[in-house]
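Each chain, written out:
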Amino acid sequence: MMMMPTFVHAKKKTLAVLISGGGSNLKALYNAIENGLLTDTEISLVVSDKANAKGLEWAFSQGLKTLVVSPAMCKQLEVDFEAVLLNALEEHAIDVVVLAGFLRIFKGDVLTAYEGSIVNIHPSLLPAYGGKGMYGNHVHEAVLANQESHTGCTVHLVTANVDEGDVLGQTQVPVLPTDTTETLAQRVLEQEHQLYAQVLQRWLPTIAPKVPSFV
Ligand code: GAR
């Protein structure tokens, strides 16, 4: 009798973590997996749009698979950035795309193919201080300029509307009268590192893997 394959959910969710800079959220996720705080999950690919991203060097040193997809190079070769990225995601059987300080906005192939399976972390309490141009220290500068008493960080789904996807989790952070952009950014970042892993631990089991496995 012929054995039919049984359709099962892959045991581990495979993540592609996308970065553009320091990669401290990437490190926090990696550590959460190593320490058993984020389970049934593996970082299968780290992608950067910048060859000199510090986090890329670190990822490489940890033995993670790394890839640079350069927008300038794509333009020169007349290939679509998102098409190239999507190809890499599919080649590495990625279930979920995790943006961790990745500063490009998705509009095309990746968004369509991974709708509902792309998450981002943002350094404010969305919907406050979100949208185009609001990223990194620009957010903290605006929070300080408005003399807010608190700010925070948000993990949310990525949609075509920048920073407007469903909120999956938030942490509030106080703004101190003595704060500079740097001290505030650091306080928020420390909370980001905890929040991202906590949200993924809760949310990943609720989504179907992109790539089914057969036994
Ligand atoms: C983080 O604060 C993240 O929230 C922010 O960039 C920083 C990346 O730090 N992302 C955005 O502003 C996206 N809109 P990291 O490279 O050390 O993880």
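Residues numbered from 1 in each chain as written. Predicted model: local features only at pLDDT ≥ 70, side-chain atom pairs only at ≥ 80, totals over all residues. Heavy atoms only, no water.

**Overview of the overall build of the protein**
Turning to step 1, where the next piece is worked out: Scanning the protein for helices and strands turns up seven helices and nine strands.
Turning to step 2, where the next piece is worked out: Since a compact globule built from 215 residues should have a radius of gyration of about 17 Å, the 18 Å found for the protein is in line with a globular shape.
Turning to step 3, where the next piece is worked out: Dimensions of the protein, computed from the C-alpha atoms along their principal axes, are close to 75 × 40 × 35 Å.
Turning to step 4, where the next piece is worked out: Within the protein, counting contacts between residues at least 6 apart in sequence, those at least 24 apart form 68% of the total. (Helix = DSSP H or I, 4+ residues; strand = E, 2+ residues; numbered from the N terminus. Rg over C-alpha atoms; globule rule 2.2 N^0.38 Å. Contact = heavy atoms within 4.5 Å.)

**Re the sheet that holds strand E2 (residues 13-19)**
Turning to step 1, where the next piece is worked out: In spatial order, the strands read E4-E3-E2-E5-E6-E7-E8; together these seven strands make up an open sheet with mixed pairing. Each end of this open sheet is capped by a strand with a single partner; those strands are strand E4 (66-68) and strand E8 (167-174). In this sheet, neighbouring strand axes are inclined to one another by 20° on average, regardless of whether the strands run parallel or antiparallel.
Turning to step 2, where the next piece is worked out: When strand E5 (residues 96-99) meets strand E6 (residues 118-122), the two strands line up parallel, connected through three bridges. Paired with Leu 99 across the two strands is Asn 120, which belongs to E6.
Turning to step 3, where the next piece is worked out: Where helix H1 (residues 24-34) meets the sheet, it contacts E2, strand E3 (41-48), E5 and E6, and its direction lies at approximately 165° from that of E3.
Turning to step 4, where the next piece is worked out: Packed on one face of the sheet, helix H7 (residues 181-203) meets E2, E5, E6, strand E7 (150-157) and E8 and runs near 155° to E8. (Pairing = 2+ DSSP bridges. Axes fitted to C-alpha atoms, helices over the stretch in contact; angles between N-to-C directions.)

**A short note on H1**
Turning to step 1, where the next piece is worked out: The set of residues buried in H1 consists of Asn 25, Leu 26, Ala 28, Leu 29, Tyr 30 and Ala 32.
Turning to step 2, where the next piece is worked out: Of the surrounding secondary structure, the elements contacted by the buried residues of H1 are E2, E3, helix H2 (54-61), E5, E6 and H7.
Turning to step 3, where the next piece is worked out: Of the residues flanking the end of H1, it is Gly 36, one or two places downstream, whose phi is positive at about 75°. (Buried < 20%, exposed > 50% of the residue type's maximum accessible area, 1.4 Å probe, protein only.)

**Looking at the site of the ligand**
Turning to step 1, where the next piece is worked out: Near the ligand you find 13 residues, and of these Gly 23, Ser 24, Asn 25, Gly 136 and Glu 192 are the closest.
Turning to step 2, where the next piece is worked out: Ser 24 places a side-chain nitrogen or oxygen 2.5 Å from an oxygen atom of the ligand.
Turning to step 3, where the next piece is worked out: Within the contact set of the ligand, an oxygen atom lies 2.8 Å away from a backbone nitrogen or oxygen of Gly 136.
Turning to step 4, where the next piece is worked out: Protein contact buries 86% of the 450 Å² of open area that the ligand shows by itself.
Turning to step 5, where the next piece is worked out: Cavity membership is defined here by more than half of the atoms lying within 2 Å of grid points; on that basis the ligand lies in the largest pocket. (Near = heavy atom within 4 Å. Polar contact = N/O pair within 3.5 Å; in protein donor to acceptor, adjacent residues only side chain to side chain. Areas by Shrake-Rupley, 256 points an atom, 1.4 Å probe, with all protein chains shown as cover. 1 Å grid on protein atoms, 1.4 Å probe; cavity = no way out; pocket = protein on both sides within 12 Å on 5 of 7 lines; lining within 4 Å. Sits in = over half its atoms within 2 Å of the grid points.)

**Description of a positive patch on the surface**
Turning to step 1, where the next piece is worked out: A contiguous patch of positive charge on the surface is contributed by Lys 50, Arg 104, Lys 107 and Lys 132.
Turning to step 2, where the next piece is worked out: Along the chain, the position of Arg 104 falls in the loop between E5 and helix H5 (109-113).
Turning to step 3, where the next piece is worked out: Its relative accessible area of 33% is what places Arg 104 among the partly exposed residues. (Patch = residues over 30% accessible without salt bridge, like charges linked within 9 Å, V, L, I, M, F, W, Y side chains within 5 Å. Salt bridge = Lys/Arg side-chain N within 4 Å of Asp/Glu carboxyl O. Lys, Arg positive; Asp, Glu negative; His and termini not counted. Charge placed at Lys NZ, Arg CZ, Asp CG, Glu CD.)

**Quick look at the packing of helix H6 (residues 136-145) against H7**
Turning to step 1, where the next piece is worked out: The N-to-C vectors of H6 and H7 enclose an angle of 115°; their axes lie 9 Å apart at closest approach. By the angle between their directions, the pair H6 and H7 is classed as roughly perpendicular. The two elements H6 and H7 cross, and the hand of that crossing is right-handed. Seen from H6, the contacting residues are Asn 137, His 140, Glu 141, Val 143 and Leu 144; seen from H7, they are Thr 181, Leu 184, Ala 185 and Val 188.
Turning to step 2, where the next piece is worked out: Class assignment for the residues of the contact of H6 with H7 results in five nonpolar, three polar and one charged. (Parallel < 35°, antiparallel > 145°, perpendicular 65-115°, else oblique. Left-handed = near helix turned anticlockwise from the far one by under 90°. Nonpolar A, V, L, I, M, F, W, Y, C, P; charged D, E, K, R; others polar.)

**Topic: the packing of H1 against H7**
Turning to step 1, where the next piece is worked out: Two elements in contact, H1 and H7, have axes whose closest approach is 9 Å; the angle formed by their N-to-C orientations is 45°. The angle between the axes of H1 and H7 places the two elements in the oblique class. Seen along the crossing, H1 lies across H7 with a hand that is right-handed. On H7, the residues that touch Ser 24, Asn 25, Ala 28, Leu 29 and Ala 32 of H1 are Leu 189, Glu 192, His 193, Tyr 196, Ala 197 and Leu 200.

**Digging into the side chain of Thr 14**
Turning to step 1, where the next piece is worked out: Relative to the helices and strands, Thr 14 resides in strand E2.
Turning to step 2, where the next piece is worked out: Residue contacts for Thr 14: discarding those within four places in its chain leaves Glu 42, Ser 44, Ala 93, Ile 94, Asp 95 and Val 96.

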